[in-house]
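If you want the building blocks of each chain, they are given just below.
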Amino acid sequence: MKAVYFAWVRERIGRTEEIVSPPAEVVTVGDLIGWLIQRGEEYAYAFEKPNVIRAAIDRKHVRHDAPIAGAGEVAFFPPMTGG
Amino acid sequence: MKAVYFAWVRERIGRTEEIVSPPAEVVTVGDLIGWLIQRGEEYAYAFEKPNVIRAAIDRKHVRHDAPIAGAGEVAFFPPMTGG
Amino acid sequence: MGSVRIQREDFDAAAETRALTQGRADVGAIVTFTGLCRDEGASLSALELEHYPGMAEEEIGRVVEQAQARWPLLGVTVLHRYGKIAPGENIVLVVTTSSHRAAAFEAAEFLMDYLKTRAPFWKKEHRRDGTQGDWVEAKDADDRALERWGHPQA
Amino acid sequence: MGSVRIQREDFDAAAETRALTQGRADVGAIVTFTGLCRDEGASLSALELEHYPGMAEEEIGRVVEQAQARWPLLGVTVLHRYGKIAPGENIVLVVTTSSHRAAAFEAAEFLMDYLKTRAPFWKKEHRRDGTQGDWVEAKDADDRALERWGHPQA
């Protein structure tokens, strides 16, 4: 699946998107965050306060307990400041 | 003092304004309405439902119990429908 | 900083908005309300708006002062037309500006709620068949709309 | 009848309003909200708005649908800009039209409250001294503003 990052999540990770292939035990959005954190300091920094991070699956807001099975695109970003 | 009329109050009375000189016992706006009603059918028709009539003294909204002493201009009109 | 005009001519909401924002960087929110002449039954040729000259300006000015005392507004403009107004034409414009949206929204709603029930204007219908229509009746809903702002004066 | 556009270019509130009212006599009330880039401290050269292309349109579209289901609107337009925006420039426009003012006002406020917290946009400051500023932080007040509309989704 594709992971996409925005705003300071993007800046901290240092990329806008990437293809990720988490193992089967990564079931929810929250699991995926935990798995990404293992991949390196930049991820640990981006997700240092997981509660702050918002997520979307296939362009719809989801909570961290949402399952990622079947997701084409998972997005991570800070609280929104549009408007 | 000058009495001025608007909307259907004006239409029923048949004039836009007039000088009125009520006697001393006419103290309040409500008294003035009662005194005008005595003056003819057109006034009785205009003020047939006194509760509906709104009043202003010198261009400020007042209630029917407001005193008219010192008033330069007393206005009578239906509930407003601007905006 | 509050501008109130009572006029026969149409108005230009964009020009009024520009006048409140040009050359400044402290305005974060602009709310405009435009009220138009409606014709739902396809029977109306025009509304004729009668007003109380002098009092209309003064009373709206008092309502604008109340709004300014209540919300941190950077600017307020109220324009109200009188005379014959055809369906689809403008009747009233309220523009409020503020740093933040809540003040601009609330003040604009407050101004409209008070204008509806306190500004000395009256609407009479003119029908397409050439007959005079009725005077538009005041709505209870407009009186009730005031309740959320606390007690109206007088 | 709901129009949502995400664009780099500026917008023209008057033209958007005209598009919702021209040739019809059933619109009695137009509310517009314009959000602008502010610079209170005289230190900002621009805000840079990043967005999530695709999701921004879709999410705002979902919020517009909710507003249409909740209020008897005749038209809704939402425009949101991205890219670098200087102080005094426009960021967002919401236009709502209805027969009566309450629906137009409430729907516009609802749309702005939801846009603020659900539309995938993020603002970064650029300072006049050439340094990059901070990412603008989300406000608790914006989350609280949602409470009056009942539970937000998701």
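The structure under discussion appears in the preceding block.
Residues numbered from 1 in each chain as written. Chains lettered and ligands numbered in written order. Predicted model: local features only at pLDDT ≥ 70, side-chain atom pairs only at ≥ 80, totals over all residues. Heavy atoms only, no water.

S.K.: Looking at this structure, how should I read the overall build of chain C?
M.R.: Secondary structure assignment for chain C yields 4 helices and 8 strands. Listing each helix as α and each strand as β along chain C from the N terminus yields β-α-β-β-α-β-β-β-α-β-β-α. Computed over the C-alpha atoms, the radius of gyration of chain C is 16 Å, within 12% of the 15 Å expected from 2.2 N^0.38 for a compact globule of 154 residues. Reported as C-alpha extents along the three principal axes, the dimensions of chain C are approximately 50 × 35 × 30 Å. Across the 154 residues in chain C, those meeting the buried criterion constitute 55%. Taken as a whole, chain C presents about 6,500 Å² of accessible surface, with 45% of it coming from carbon and sulfur. Treating the 19 positive side-chain charges of chain C as one cloud and the 25 negative ones as another, the clouds have centres 2 Å apart. (Helix = DSSP H or I, 4+ residues; strand = E, 2+ residues; numbered from the N terminus. Rg over C-alpha atoms; globule rule 2.2 N^0.38 Å. Buried < 20%, exposed > 50% of the residue type's maximum accessible area, 1.4 Å probe, protein only. Areas by Shrake-Rupley, 256 points an atom, 1.4 Å probe, with all protein chains shown as cover. Lys, Arg positive; Asp, Glu negative; His and termini not counted. Charge placed at Lys NZ, Arg CZ, Asp CG, Glu CD.)

S.K.: Where do I start with the interface of chain D and chain A in this structure?
M.R.: Frequently, the measure chosen for interface size is the accessible area that the parts lose on association. If you look at the interface, chain D gives 28 residues, while chain A gives 21 residues. A combined buried area of about 2,100 Å² lies between chain D and chain A, and 56% of that area is made up of carbon and sulfur atoms. A salt bridge links D:Glu58 to A:Arg59, with the shortest nitrogen-to-oxygen separation between them at 2.9 Å. Taken together, the connections running from chain D to chain A amount to 14 residue pairs in polar contact (both at pLDDT 80 or more). Breaking the side of chain D that touches chain A down by element, the ones donating at least two residues are β3 (44-51), α2 (55-70), β6 (90-98), α3 (101-118), β7 (121-127) and β8 (132-135) of chain D. Classifying every residue of the side of chain D that touches chain A by side-chain character gives 14 nonpolar, 5 polar and 9 charged. (Contact = heavy atoms within 4.5 Å. Buried area = accessible area lost by both parts, 1.4 Å probe. Salt bridge = Lys/Arg side-chain N within 4 Å of Asp/Glu carboxyl O. Polar contact = N/O pair within 3.5 Å; in protein donor to acceptor, adjacent residues only side chain to side chain. Nonpolar A, V, L, I, M, F, W, Y, C, P; charged D, E, K, R; others polar.)

S.K.: Teacher, can you tell me more about the packing of aromatic side chains here?
M.R.: Aromatic ring pairs are reported here in terms of the distance separating the ring centres and the angle at which the planes meet. Here the structure, examined in full by the defined rule, presents 24 aromatic pairs over all chains. Note on A:Phe77 and D:Trp122: the rings are 5.1 Å apart at their centroids and 55 degrees apart in plane angle, and the pair reads as tilted. With A:Phe77 in strand β5 (residues 73-77) and D:Trp122 in strand β7, this pair bridges two chains. Using a relative accessible area of 0% as the deciding quantity, one classes A:Phe77 as buried. Accessibility expressed as a relative area gives 1% for D:Trp122, which makes it buried. Where C:Phe105 meets D:Phe33, the ring centres are 5.3 Å apart and the plane angle is 15 degrees; that geometry is what we call stacked. Residue C:Phe105 is found in helix α3 (residues 101-118), and its partner D:Phe33 is found in strand β2 (residues 29-36); the two belong to separate chains. Exposure remark for C:Phe105: the relative accessible area of 2% places this residue in the buried category. (Phe/Tyr/Trp six-rings, centres within 6.5 Å; stacked < 30°, edge-to-face > 60°.)

S.K.: Would you mind showing me how to read the sheet that holds strand β4 (residues 73-81) of chain C here?
M.R.: Sheet strands pair by backbone hydrogen bonding; their relative direction is either parallel or antiparallel. The strand order across the open sheet built from 8 strands is β1(C)-β4(C)-β6(C)-β2(C)-β2(D)-β6(D)-β4(D)-β1(D), with neighbouring strands paired in mixed fashion. Taken across any chain shown, the strands that pair with only one partner, and hence form the sheet edges, are β1 (2-7) of chain C together with β1 (2-7) of chain D. This sheet shows a mean twist of 10 degrees between the axes of neighbouring strands, independent of strand direction. (Pairing = 2+ DSSP bridges. Axes fitted to C-alpha atoms, helices over the stretch in contact; angles between N-to-C directions.)

S.K.: How should the pattern of salt bridges be read in this particular structure?
M.R.: Close approach of charged atoms allows side chains of opposite charge to pair. Following the criterion strictly, the structure yields 42 salt bridges over all chains and no others. The residue A:Glu11 makes a salt bridge to D:Lys124 at a minimum N-O spacing of 2.4 Å. Residue A:Glu11 is found in helix α1 (residues 7-13), and its partner D:Lys124 is found in strand β7; the two belong to separate chains. Ionic contacts of the salt-bridge type, sharing partners, join the residues C:Arg101, D:Glu109, D:Asp113, D:Asp142 and D:Arg148 into one network.

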